[in-house]
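Descriptive analysis of the structure
One letter stands for each residue in the lines below.
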Amino acid sequence: MKQVIVVNDALQLPAGKMAAQVAHASLAAFLRASSDTQQAWLEQGMPKIVLICNSDEALTELLSQADTAHIAAWLVRDAGKTVVPSGTLTCLGIGPAPTDDIDQLTGNLRLM
């Protein structure tokens, strides 16, 4: 089990803003997972990894793939109160889910 958060690196977010957006994605995706999946992930120490992509289109395509694979996911759209305009796609939380299932979607992405 693991969770992946994919950050839209094209935005070049400041570190604090990126950390907040990653936290939003992680928690929201977790809450979309089944209770059994949540419990299994918690028992394994909540493994997660942060990866990058380079566009809104990449994030929305990954969301579509996660939906097709029936993997919990959440696309973060910023509220626009600080660094980026309202509605900006900042990152995508995928999982928790079995590692192999997530790797099929994100195995080609680079580490943050």
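These figures come from a predicted structure and were not determined experimentally. (Residues numbered from 1 in each chain as written. Predicted model: local features only at pLDDT ≥ 70, side-chain atom pairs only at ≥ 80, totals over all residues. Heavy atoms only, no water.)

**Observations concerning the sheet that holds strand β2 (residues 48–53)**
- With mixed pairing, the five strands of this open sheet are ordered in space as β3-β4-β1-β2-β5. The open sheet has two edge strands with one neighbour each: β3 (73–77) and β5 (110–111).
- In this sheet, strand β4 (residues 89–97) lies alongside strand β1 (residues 2–8) in antiparallel orientation, the contact comprising five bridges. In the sheet register, K2 faces β4, and the bridge partner there is A97. (Pairing = 2+ DSSP bridges. Helix = DSSP H or I, 4+ residues; strand = E, 2+ residues; numbered from the N terminus.)

**Topic: the packing of helix α1 (residues 15–32) against helix α2 (residues 35–43)**
- As a packed pair, α1 and α2 sit with axes 8 Å apart at the nearest point and diverge in direction by 130°. With respect to their mutual orientation, α1 and α2 come out oblique. On α2, the residues that touch S26, F30 and L31 of α1 are Q38, W41 and L42.
- Here the residues of the contact of α1 with α2 are counted per class, giving four nonpolar, two polar and no charged. (Axes fitted to C-alpha atoms, helices over the stretch in contact; angles between N-to-C directions. Parallel < 35°, antiparallel > 145°, perpendicular 65-115°, else oblique. Contact = heavy atoms within 4.5 Å. Nonpolar A, V, L, I, M, F, W, Y, C, P; charged D, E, K, R; others polar.)

**Describing the nonpolar core**
- Judged by nonpolar contacts, the single largest core of 17 residues is most densely connected at V6, L59, L92 and I94.
- For this core, the elements supplying multiple residues, two or more each, are β1, β2, α3 (56–68), β3, β4 and α4 (99–106).
- When near neighbours in sequence (up to four residues on either side) are disregarded, L92 contacts V4, I5, V6, A25, L59, L62, L63, A73, W74 and L75.
- Counting residues in hydrophobic clusters, the runner-up holds 10 residues, among them L13, M18, A25 and I52. (Core = buried A, V, L, I, M, F, W, Y, C linked by side-chain atoms within 4.5 Å. Buried < 20%, exposed > 50% of the residue type's maximum accessible area, 1.4 Å probe, protein only.)

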